[in-house]
Amino acid sequence: KDTATFDEVLPELEKMQHPLGFAWGIASHLNGVKNSDELRIAYEQNQPNIVKTSMKFSQSKPVYDALMAVQKKWESEESKDDDFVMLQKKRAVANSLRSMTLQGVGLEEGSPEQIRFNEIKLRSAELANAFSNNVLDATKLFGLTVTDSKSLEGAPDSALAMWAQAHQQHLIKEASDEDEKKKLGEAEVDAKAGPWRITLDGPSYVAAMQHVPDRDIRKQVYIGYLTRASEFTAEQLESKETEKKEGAPGKDNVPIINEMLKLRKEVSGLLGFNNYAEQSLASKMAPDVQSVADLSNLILEKALPAAEKELAAATALAREAGGDEYSESNLEKLMPWDAAFWVERLKENMFDLKEEELKPYFALDPVLDGMFGLVDRIFGVEVREANGKAEVWHPDVKFFEIYDKESGEHMASFFLDPYSRPADKRGGAWMADCRGKSAALGIDVPVAYLTCNGSPPVGEKPSLMSFREVETLFHEFGHGLQHMLTRATIGDVAGINGVEWDAVELPSQFMENWCYDKPTVDGFAKHYETGEPLPEEMFKKLNDQKTFGAGMMSCRQLLFGMMDLELHSNYDPDGDETIFDVQRRMAAIYTPYALPVEEDRFLCGFSHIFAGGYSAGYYSYKWAEVMSADAFGAFEDVGLDNEEGVREVGRKFRETVLSLGGGVSPSEVFEQFRGRGPSPEALLRHNGLA
């Protein structure tokens, strides 16, 4: 109705949508962290109804007309009442109208276009779920048993212990009766003598690529990882299926990707866009594909020469120290399964520091204490352990509460699921919304899920993290802080809701910078056995190696971002070119020094863009990194050793970036914090590419 007010529309919709959204959110979360055949069946049965219900809301003409009336009324009033509450309302309405347009509200009710649009939405949800399940199943499928200790010579003790434990767990799983399982479970695992089992879950795969000296083993593991959920694994996975529904997606993600890209192109055409990338960018900060390409090429100009130099240095070391198999006559250039191994050796040589020497200083509990100490220091919030106050889905899961230091107010809570569990948990790391702040729903205390896939405890040893795992934990906590410390009270724009996707990585990437800050590291880097702090010399080496490999890492991220955009803009899924042709074509631009091998099926495991929220949006990592690096620059400007200055800038960061949520546009939020727009200079400097 023309006289509708804000309070009669969005808050009422929130109340209607919350019960189902909350329940489905839990189901989706468990599907990622506690996957099982029973849950899969229930999830797949219910998903179509969830999608249909969501479409009814987003395609409701009465709701759209009411929101338009609210917006027009505000425009005619020329309200000067632009306090934060009013800004939130305006953003929530504008975002809802845009979202409804992108969800097909403009298609005529009952028209062939609307029917087709909704069919595509249903099928797309089914395909994304199948894609994710296929990756999880293919990851579980692979296991390489190693019996010869010579093949693993020089590998770190922690990796040997992890692989020996994996072998024991595999034997227990395969054992036919309970007595045998019990006997195997009680047997002592000998990390030095083996046998060992290398799997494709994150900690195991990374350790194998960086530390296994045997080229043949590295190749098998590498190819195993890059062929997951492709034609190479489909047959084996299909043989394990008890029944297959007609029309259900298969176990090979190649046809799933092809169908997804066709459907995305079709859906963007129905909405009047030239391609899916255009549709995706309609709700992001980046104005168009060209702007993203311009930023990518600006970074590439600096990163590519650095990457080529890095690889040349690793190659030279392999030729010099690797023996005859790395001689030019036997090996024209390092293969992809060689690069990580020799880059790691180069890093050890240059900085006289091994990852294994650092790990004893990064036990999970002290790292958490240090991270919580940091947010106490710079944001004025206290994190308290609250295990037992909430039900958890696995004994490893921890529960915490966050309090404001000044007022003592209980501001938020979060779950932390820290370790890799390849049997039922998907790979990667993420933050998800359990409960969002909302005045309409009476929710004052938001709750987050923080999920990592870090190194689990082995035997009597606690979880000893790699430095990259420490950075990942800080990264996900950054996402969590934006969700939890929000001052926004209108659900649609509270926390990360309503934040443009290419700005959502700002707080997460910002937090990673503190892993190189002396007071922060001093707060958590203590030897797990002796309690000794990380020696000064080791911290210096850790800092010195910060930009090591930044060229190759930057080029890799640029490749992923631009390949994603190319697949969703210029690529014709009905043409002669395949998705892997596109991968090779983009690699020739962004990583010409490391072209994909023939078996490479990386795209079959690229869950971010085919089963996550990053389709035609993976570039967001680099786009937001410009802002996150520049934001950390504000702390560098006052001096990281200036405690008072750091605290002052930290409070400002909390009051802007972490508090305003989607209630204010990200560019405006950044300007409120920094006093100007973002500049890429800090990003290049932090990566040693300035």
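Every value quoted in this text rests on a predicted model; they were computed, and no experiment measured them. (Residues numbered from 1 in each chain as written. Predicted model: local features only at pLDDT ≥ 70, side-chain atom pairs only at ≥ 80, totals over all residues. Heavy atoms only, no water.)

A. Molecular detail of the nonpolar core. Formed by 176 residues in total, the largest nonpolar core has its most connected members in W163, F414 and F477. When sequence neighbours within four positions are dropped, the list of residues in contact with W163 reads L152, A155, W196, R197, I198, S204, A207, A208 and V212. With 18 residues, the next largest nonpolar core counts A4, L10, L13 and L97 among its residues. (Core = buried A, V, L, I, M, F, W, Y, C linked by side-chain atoms within 4.5 Å. Buried < 20%, exposed > 50% of the residue type's maximum accessible area, 1.4 Å probe, protein only. Contact = heavy atoms within 4.5 Å.)

B. Structural view of a negative patch on the surface. Together, D177, E178, D179 and E180 give the surface a local cluster of negative charge. With respect to the element layout, D177 can be found in the loop between helix 6 (157-174) and helix 7 (178-186). (Patch = residues over 30% accessible without salt bridge, like charges linked within 9 Å, V, L, I, M, F, W, Y side chains within 5 Å. Areas by Shrake-Rupley, 256 points an atom, 1.4 Å probe, with all protein chains shown as cover. Salt bridge = Lys/Arg side-chain N within 4 Å of Asp/Glu carboxyl O. Lys, Arg positive; Asp, Glu negative; His and termini not counted. Charge placed at Lys NZ, Arg CZ, Asp CG, Glu CD. Helix = DSSP H or I, 4+ residues; strand = E, 2+ residues; numbered from the N terminus.)

C. The arrangement of the pattern of salt bridges in detail. Counting across every chain of the model gives 45 salt bridges. Among the salt bridges present, the one from K192 reaches D157, with a minimum N-O distance of 2.7 Å. You can see K192 sitting in the loop between helix 7 and strand 2 (196-198) and its partner D157 sitting in helix 6, a full 35 residues away along the chain. For K192, a relative accessible area of 55% corresponds to the exposed category. Look at D157 and you get partly exposed, because its relative accessible area is 41%.

D. Representation of the packing of helix 1 (residues 6-33) against helix 4 (residues 84-102) in the model. Where helix 1 meets helix 4, the axes come as close as 12 Å, and the angle between the chain directions of the two elements is 65°. In terms of orientation, helix 1 lies roughly perpendicular with respect to helix 4. Two packed elements cross with a definite hand, and for helix 1 against helix 4 that hand is left-handed. In contact with F6, D7 and L10 of helix 1, helix 4 contributes K89, A92, V93 and S96. Of the residues that constitute the contact of helix 1 with helix 4, the class distribution is four nonpolar, one polar and two charged. (Axes fitted to C-alpha atoms, helices over the stretch in contact; angles between N-to-C directions. Parallel < 35°, antiparallel > 145°, perpendicular 65-115°, else oblique. Left-handed = near helix turned anticlockwise from the far one by under 90°. Nonpolar A, V, L, I, M, F, W, Y, C, P; charged D, E, K, R; others polar.)

E. Representation of helix 3 (residues 61-77) within the structure. Over its 17 residues, helix 3 extends 24 Å from the first C-alpha to the last, a length consistent with the 24 Å expected when each residue adds 1.5 Å. Those residues of helix 3 that fall on the buried side of the exposure criterion are V63, A66, L67, A69, V70 and W74. Each buried residue of helix 3 sits inside an arc of 155° when the element is viewed along its axis, so together they form one side. Opposite the buried face of helix 3, by more than 90 degrees, sit the exposed residues K72, E75 and S76. Taken together, the buried residues of helix 3 touch helix 1 and helix 4. Where helix 3 starts, the residue carrying a side-chain oxygen 3.2 Å from the main-chain nitrogen of V63 turns out to be S60. (Expected span 1.5 Å × (residues − 1). Arc of directions from axis to C-beta. Polar contact = N/O pair within 3.5 Å; in protein donor to acceptor, adjacent residues only side chain to side chain.)

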